[in-house]
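Read off the chains here:
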2 protein chains.
Amino acid sequence: MRSVIRTGALRDGPPSTTTAPAYSGIKNIPRTYTTAQPHHSSLNSSPAFHSKAADCSPESLATLANHAEAEPPSVALPVRHGERITIADIKERRAKAGRLVAPTAAYSDADMFKGPTTGKPKAKRWDHHLTHESTLRHPCKLKQAAKHLNNPGLISLGGGLPCPEYFPISSLTLHVPAPPDFSEAATLAPGGGETLTIGKYDTTLPPPSAGDALHHPEYDLSIALNYGQGNGSAQMTRFVTEHIELLGAPPYADWGVCLTIGSTGALEQILRMLCDGPGRGDCVLTEEFSFSTALETAVPLEVTTVGVRMDSEGLVPEAMDEILSQWDSVAAPGSGGKLAGKRKPHVLYTVPSGQNPTGATQSAARRQAIYAVAQRHDVLIIEDEPYYYLQMQAPGTAPPSTVDEFLKGLVPTYLTLDVDGRVIRMDSFSKVVVPGSRMGWITASAQLVERFTRHAEMANQGPNGFSQVILHKLLDERWGHEGYFGWLMNLRMEYTKRRDVMAAACEEFLPKEVVSWAPPQAGMFQWLKVNHTIHPHASDKTILDIEEEIFNNCIARGVLVARGSWFRAEQDVAPSGLYLRATFAAATPENMREAIRRLGAAIRESFQLYGV
Amino acid sequence: MRSVIRTGALRDGPPSTTTAPAYSGIKNIPRTYTTAQPHHSSLNSSPAFHSKAADCSPESLATLANHAEAEPPSVALPVRHGERITIADIKERRAKAGRLVAPTAAYSDADMFKGPTTGKPKAKRWDHHLTHESTLRHPCKLKQAAKHLNNPGLISLGGGLPCPEYFPISSLTLHVPAPPDFSEAATLAPGGGETLTIGKYDTTLPPPSAGDALHHPEYDLSIALNYGQGNGSAQMTRFVTEHIELLGAPPYADWGVCLTIGSTGALEQILRMLCDGPGRGDCVLTEEFSFSTALETAVPLEVTTVGVRMDSEGLVPEAMDEILSQWDSVAAPGSGGKLAGKRKPHVLYTVPSGQNPTGATQSAARRQAIYAVAQRHDVLIIEDEPYYYLQMQAPGTAPPSTVDEFLKGLVPTYLTLDVDGRVIRMDSFSKVVVPGSRMGWITASAQLVERFTRHAEMANQGPNGFSQVILHKLLDERWGHEGYFGWLMNLRMEYTKRRDVMAAACEEFLPKEVVSWAPPQAGMFQWLKVNHTIHPHASDKTILDIEEEIFNNCIARGVLVARGSWFRAEQDVAPSGLYLRATFAAATPENMREAIRRLGAAIRESFQLYGV
């Protein structure tokens, strides 16, 4: 059994211990976190260190007493098979676990924080899908040595971590919205909003009141701004692990998380982990129209993207099945096509909610059907969900009044269907907090998370400390899960309003004889289909020519939209339709209306619909 | 000629213009930056946009008048061939340029900010060194479309950039040291330090006093926390460009910079840009002992690291020349060695100052000699300089009293020798500000910077916005170059003290009959040579066995040091010596002394030097 305790890389100062009960694994073994004393502490003053047993502080003993007889753990712990974990469950779990003490560069993983997975099967193994590059990855030698830091009284001259004394920022103060009114107007009004302060040594200060471990800061600048682990801090790992449980944990036991520097970078890491273009002729399935930057990430890796037909619910499972079933003949070495000699795709990249660029959202049944096709053909699924929480309010329905209602109203993630562990979900804070955080996370089987993390150690060393500590302060410590979901509910209503402004403008200004569309149920994008077949020059101009003409007319009239052809998964195949993408994320309502008016005029000009 | 003005991706709102004179290129063409109005501004109210000419504000006209007759630009501008640019020059330049207005996702490059390079040659081209992967990179389609945002009055429905209204942080306040006393004690004392605040819309506020454009914030949260360019913000690009000029710009004209997510990630990007292991059998030269994470980055890429012999000044140029001169016979396909069939190395990775792990610092003459070998064999140099500013005070010398003295006392960077443009220097804020910033930059020829940037757009989208805006506020806006160099001078003195504590402890506690060392002139590491030949079991134990024995003794006695073998560039070759690495960066003086005492005892135990 692997050691459950691996503290930080290379931190100086004698570690002391505190204990938190475990919430994972078959057995309920108490897990021990270690901490380092403030760096001026004297030597050899730390309490004895127990690698598996609890320490003997009154608090720990009390905690243990609650659990000593608890077999199976589900008696004492908030696990309910077939039910979602609730925010109340998480609160109870945290109260029982006590304060999280995770010092500089402390190792952590989801297993330290998640609920019991008793009775759940393990994920399948994916060794046959890994690239040679990925199999050549080994843990950092310097980070491995960090295990010795558990020894009480040990002084580290091991790693070149600067002393926090030399960090030129002694505190950070944030001004943030105060729930329930999250609006900018309320926050910026005199006396509005709240201020939160993060100090350099907050975790070493005495608790605000004796015994109030829960309101004792668990993260500070001295930890966040030093080197950390490639998979992120324990503090944010706990938050995203619990967040995934609230959303619905996978039905297998050994799932994990790894913080990322955003989904753009995470996708490149995943592609390098699973797809070998030059060596193995690997391909990736995507929606026939897909996020252009994702497609552009595959190109230099010589990974061929193969587009799957879409309908109003996005990717069509039957089309995916057909491509995979017929692969051997299509890609036969002698077939002469662009897929000649290519390996049958074993990876699907999909944006299931508010798909970029089409805005399509896969229903629960659609996701189940696509998952079944993936199972049939041994395909791993990269579930890219930046817009997951931008699922709109259905017209005429009342907004959710509770977090529970909100969560139940969301289309289930692929994770909740994933009996095999074949899904890698990418979450991001970019669209729902700030893009500049460059932070998100993946959720996947422990095997894939481990391989991904090994690469993160070299590619980026995990997300930056400012984002980790600022988002932790706001989302975890101040708002908590409930407040953060409140923020997301608020955002959903804002985007619903924006979507509706654009839909109304389209109704008012676009020529329906040429343009057709359906307002999206999620995301940031309105997809517009232009009927090129009735263009005056349909017979002598290509679709791309007409698209360019419309685009240029748009620019001349002062509106920028994205050309549909930029998003085509197979750039070398002639397009069959003409599309435009317009975002309702950025412009003010009045600008959006004016922009769509200009777009309508530009299309009319191209189609010579004067005076209509 | 390429357009000098490419603003931001996909920002909503009609752009207005302001003008800054150019400081680069052969001709002194005024450069125009564009800005977007606050997002509630009305339509069509922006002034006319001039892509190359100046606008007509009194300020711009005054600026132009100063330059209109200035041919060549060196008459009016602070260029002095063969001399370093000074801080006064930079201040003068900025005052003439006026306020930098660079909105969300504004494109920028070093050419917009650097001084004139008239008469300097262009860098050589390195097409034959690029990997196939690197040559397959193309600019993002969505970012290319951003050029249309220059059109006045254009409304963008192009990119999915969230509206800053939904950023839940309306201001960030930092508490920081106040020069000249940078110490933590002074900063944390009551009334000590200073507070700096960054608002969401600072750039759109009126200037603090009429006409005081220079003290009008040029960066804010609405810009920094949105999406940006892969090469970083204009604001930080200007700062690091000027910083490099103060350090000494390269002697060729077309050098550039690209902000990075830290040098660990930057190195992986550079290796993928220049080295193709599986396809081309590429190797990289490194010091025979090198940073373990750098070596570990090369392994999964199947790039072989070839160690070059070192002496007290680090890498030995004659040894490098010998390896390269004899390559064809050593690596001949039939030679049977591990280098059989490998391509002659065309890349050197070196840490010239305070090398990790040996602490060695290359002198100016040594750098020149290594550069000459690189020229002779068509080798590119990756200059990794995290410890550059941790060059110590020489014993008995007075600390520098001015920035100029400080800069003149530093060993020159490879950049200043680089007549060909064959050096890629990696700088990092990790060791001199905070590691958690995950931010640094590279400086190299425009060709290499462009290829690197194309990858950054996919691998990470540039450094996070929190780090960019916080470091800009502190280093650029508050401290300025002078204050930042003051901070670095302070840090140098702190590390000198730490080095001296460790040196004294080594003198006191290490058995000189077994251990030899020289205190380093730079960096964070003391390298210790252990004479394994006099070990009682020298005849029947390997070096690695003895190293492990000492390491285990150390752990048992409560000290962690790094094993020298972890840093060996060629792990498959038997080691010829036994070394240990001890850092003086992290532990307190008293802990450091105690740790070295324990280390001495552990070595004595291993060598059976009882009672010495």
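Residues numbered from 1 in each chain as written. Chains lettered and ligands numbered in written order. Predicted model: local features only at pLDDT ≥ 70, side-chain atom pairs only at ≥ 80, totals over all residues. Heavy atoms only, no water.

*Asks:* Describe the overall build of chain A, naming the residues involved and giving the relevant values.
*Replies:* Of regular secondary structure, chain A possesses 18 helices and 19 strands. Scored against the burial criterion, the 612 residues of chain A give a buried share of 66%. Pairs at least 24 residues apart make up 74% of the contacts formed inside chain A by residues separated by at least 6 positions. Counting every atom, chain A has about 20600 Å² of accessible surface; 55% of that belongs to carbon and sulfur. (Helix = DSSP H or I, 4+ residues; strand = E, 2+ residues; numbered from the N terminus. Buried < 20%, exposed > 50% of the residue type's maximum accessible area, 1.4 Å probe, protein only. Contact = heavy atoms within 4.5 Å. Areas by Shrake-Rupley, 256 points an atom, 1.4 Å probe, with all protein chains shown as cover.)

*Asks:* Run through the packing of aromatic side chains, naming residues and quoting values.
*Replies:* Summed over all chains, the structure comprises 34 aromatic pairs over all chains. Ring plane angle 70 degrees and centroid distance 5.8 Å describe the contact between F551 of chain A and W566 of chain A, whose orientation is recorded as edge-to-face. Taken together, the residues F551 of chain A in helix α17 (residues 543-557) and W566 of chain A in the loop between β18 (562-563) and β19 (578-583) connect sequence positions 15 residues apart. One aromatic cluster in this structure is built from F239, Y388, Y389, F406, F429, W441, Y484 and F485 of chain A. We note R563 of chain B situated over the ring of F551 of chain B; from NZ or CZ to the ring centre the distance is 5.9 Å. (Phe/Tyr/Trp six-rings, centres within 6.5 Å; stacked < 30°, edge-to-face > 60°. Lys NZ or Arg CZ within 6 Å of the ring centre and 35° of its normal.)

*Asks:* With reference to specific residues and values, describe helix α7 (residues 234-248) of chain B.
*Replies:* The end-to-end C-alpha separation of α7 of chain B is 21 Å, in line with the 21 Å expected for 15 residues at 1.5 Å each. Counting buried positions along α7 of chain B yields 15 of 15 residues, so the element is predominantly enclosed. (Expected span 1.5 Å × (residues − 1).)

*Asks:* Which residues make up the interface of chain B and chain A, and what values do they have?
*Replies:* In this complex, chain B contributes 124 residues to the contact, which on the side of chain A involves 124 residues. Carbon and sulfur atoms make up 60% of the surface buried where chain B meets chain A, a total of about 9900 Å² over both sides. Between E296 of chain B and K141 of chain A there is a salt bridge, with its nearest N and O atoms 3.8 Å apart. For the interface between chain B and chain A, the tally reads 42 residue pairs in polar contact (both at pLDDT 80 or more). Broken down by element, the residue count for the side of chain B that touches chain A peaks at 13 residues, all from helix α16 (residues 465-509) of chain B. Partitioned by chemical class, the residues of the side of chain B that touches chain A number 65 nonpolar, 39 polar and 20 charged. Direction of pairing for strand β4 (residues 171-176) of chain A relative to strand β4 (residues 171-176) of chain B: antiparallel, over a ladder of five bridges. (Buried area = accessible area lost by both parts, 1.4 Å probe. Salt bridge = Lys/Arg side-chain N within 4 Å of Asp/Glu carboxyl O. Polar contact = N/O pair within 3.5 Å; in protein donor to acceptor, adjacent residues only side chain to side chain. Nonpolar A, V, L, I, M, F, W, Y, C, P; charged D, E, K, R; others polar. Pairing = 2+ DSSP bridges.)

*Asks:* Can you lay out the side chain of K431 of chain B for me, pointing to particular residues and giving the numbers?
*Replies:* The topology assignment puts K431 of chain B in the loop between β13 (423-428) and β14 (440-445). Despite its burial, K431 of chain B remains without a salt bridge, the nearest opposite charge being carried by D384 of chain B at 8.1 Å. At 2.5 Å, the side chain of K431 of chain B forms a polar contact with the side chain of Y227 of chain A. Not counting residues up to four positions away in its chain, the partners in contact with K431 of chain B are G160, P162 and Y227 of chain A together with P386, Y387, L491, Y495 and M524 of chain B. (Lys, Arg positive; Asp, Glu negative; His and termini not counted.)

*Asks:* Explain the relation of the copies chain B and chain A to me, and be specific about the residues and the numbers.
*Replies:* When chain B is fitted to chain A, the residual RMSD is 0.0 Å, and the transformation amounts to a turn of 180 degrees plus an axial shift of 0.0 Å. Expressed as an axis order, the relation between the two copies is that of a two-fold axis. When each C-alpha of chain B is compared by its distance to the rotation axis, T173 of chain B comes out closest, at 2.4 Å. When you check the interface residues of chain B against chain A, 100% turn up at the interface there too, and the contact is symmetric in its surfaces. (Least-squares fit on C-alpha atoms with pLDDT ≥ 70 in both.)

*Asks:* Outline the pairing of β19 of chain A, supporting the account with residue identities and numerical values.
*Replies:* Residue and element names in this part refer to chain A. With six of its six residues buried, β19 lies for the most part within the structure. On β19, burial covers both faces: L578, L580 and A582 on one face and Y579, R581 and T583 on the other are all buried. In terms of strand pairing, strand β16 (residues 525-530) meets β19 through six bridges, oriented antiparallel. By the bridge assignment, L528 is partnered in β19 with L580.

*Asks:* How would you sum up the sheet that holds strand β12 (residues 380-384) of chain B? Please name residues and give values.
*Replies:* Residues and elements named next belong to chain B. Strand order across the open sheet formed by seven strands is β6-β14-β13-β12-β11-β7-β8, with mixed pairing between neighbours. Lying at the two open borders of the sheet, with one neighbouring strand each, are β6 (255-260) and β8 (304-308). Here the average twist between neighbouring strands, direction ignored, is 20 degrees. Lying over the sheet, α7 contacts β6, β13 and β14, oriented at roughly 125 degrees with respect to β6. (Axes fitted to C-alpha atoms, helices over the stretch in contact; angles between N-to-C directions.)

*Asks:* Summarise the sheet that holds strand β8 (residues 304-308) of chain A; cite the residues concerned and give the values.
*Replies:* All names here are of chain A. Read across the open sheet, the seven strands follow the order β6-β14-β13-β12-β11-β7-β8; overall the sheet is mixed. One side of each edge strand has no neighbouring strand; the edge strands of this open sheet are β6 (255-260) and β8. With strand direction ignored, the average angle separating the axes of adjacent strands in the sheet is 20 degrees. Alignment of strand β7 (residues 283-287) against β8, held across five bridges, turns out to be parallel. Within β8, the residue paired with T286 across the bridge is G307. Against the sheet, helix α11 (residues 317-325) makes contact with β7, β8 and β11 (347-350), and its axis sits at roughly 135 degrees relative to β8, the strand it touches most.

*Asks:* Could you give me a rundown of the side chain of E268 of chain B, with the residues and numbers involved?
*Replies:* Among the structural elements, E268 of chain B can be located in helix α8 (residues 263-274). Residue classification places E268 of chain B among the buried residues on the basis of a relative accessible area of 5%. Excluding residues that lie within four positions of it along the chain, E268 of chain B makes contacts with H455, M458 and A459 of chain A together with T297 of chain B.

*Asks:* Got a sec to walk through the environment of T443 of chain B? Specific residues and values, please.
*Replies:* Residue and element names in this part refer to chain B. Residue placement: T443 occurs in strand β14. Separated by 194 residues in the primary sequence, T443 and A249 have C-alpha atoms spaced 9.5 Å apart. Among residues more than four places away in sequence, those in contact with T443 are I244, W255, G256, V257, L415, V423, I424 and R425. Among the polar contacts made by the side chain of T443, one reaches the side chain of W441 at a distance of 3.3 Å.

*Asks:* For the pattern of salt bridges, give the residues involved together with the corresponding values.
*Replies:* Within this structure, the stated rule accounts for 80 salt bridges over all chains. The salt bridge partner of E92 of chain A is K96 of chain A, with a shortest N-O separation of 3.3 Å. Placement of the pair is E92 of chain A and K96 of chain A together in helix α2 (residues 87-97), with a separation of four residues, close to one helical turn. We classify E92 of chain A as partly exposed; its relative accessible area is 35%. Among the ionic contacts, a cluster of salt bridges with common partners joins E133 and R137 of chain A together with E268 and R272 of chain B.

*Asks:* Talk me through the packing of helix α7 (residues 234-248) of chain A against helix α16 (residues 465-509) of chain A; I want residue IDs and the actual numbers.
*Replies:* Residue and element names in this part refer to chain A. Where α7 contacts α16, the two axes come as close as 9 Å, and the packing angle between them is 15 degrees. By the angle between their directions, the pair α7 and α16 is classed as roughly parallel. For the pair α7 and α16, the sense of crossing is left-handed. Contact residues: α7 offers Q235, M236, R238, F239, E242, H243 and L246, while α16 offers Q468, L471, H472, L475, D476, H481, Y484, F485 and L488. By residue class, the composition of the contact of α7 with α16 is eight nonpolar, five polar and three charged. (Parallel < 35°, antiparallel > 145°, perpendicular 65-115°, else oblique. Left-handed = near helix turned anticlockwise from the far one by under 90°.)

*Asks:* I'd love a proper account of the environment of R563 of chain A, names of residues and values included.
*Replies:* All names here are of chain A. For R563, the position within the fold is in strand β18. On the basis of relative accessible area, R563 is assigned to the buried category, the value being 13%. Once the C-alpha coordinates of R563 and L544 are considered, the two residues, 19 residues apart in sequence, prove to be 9.3 Å apart. Other than its neighbours up to four places away in sequence, R563 contacts L544, E547, E548, F551, Y579 and L580. Within the structure, the side chain of R563 is placed 3.5 Å from the backbone oxygen of L544, a separation counted as a polar contact.

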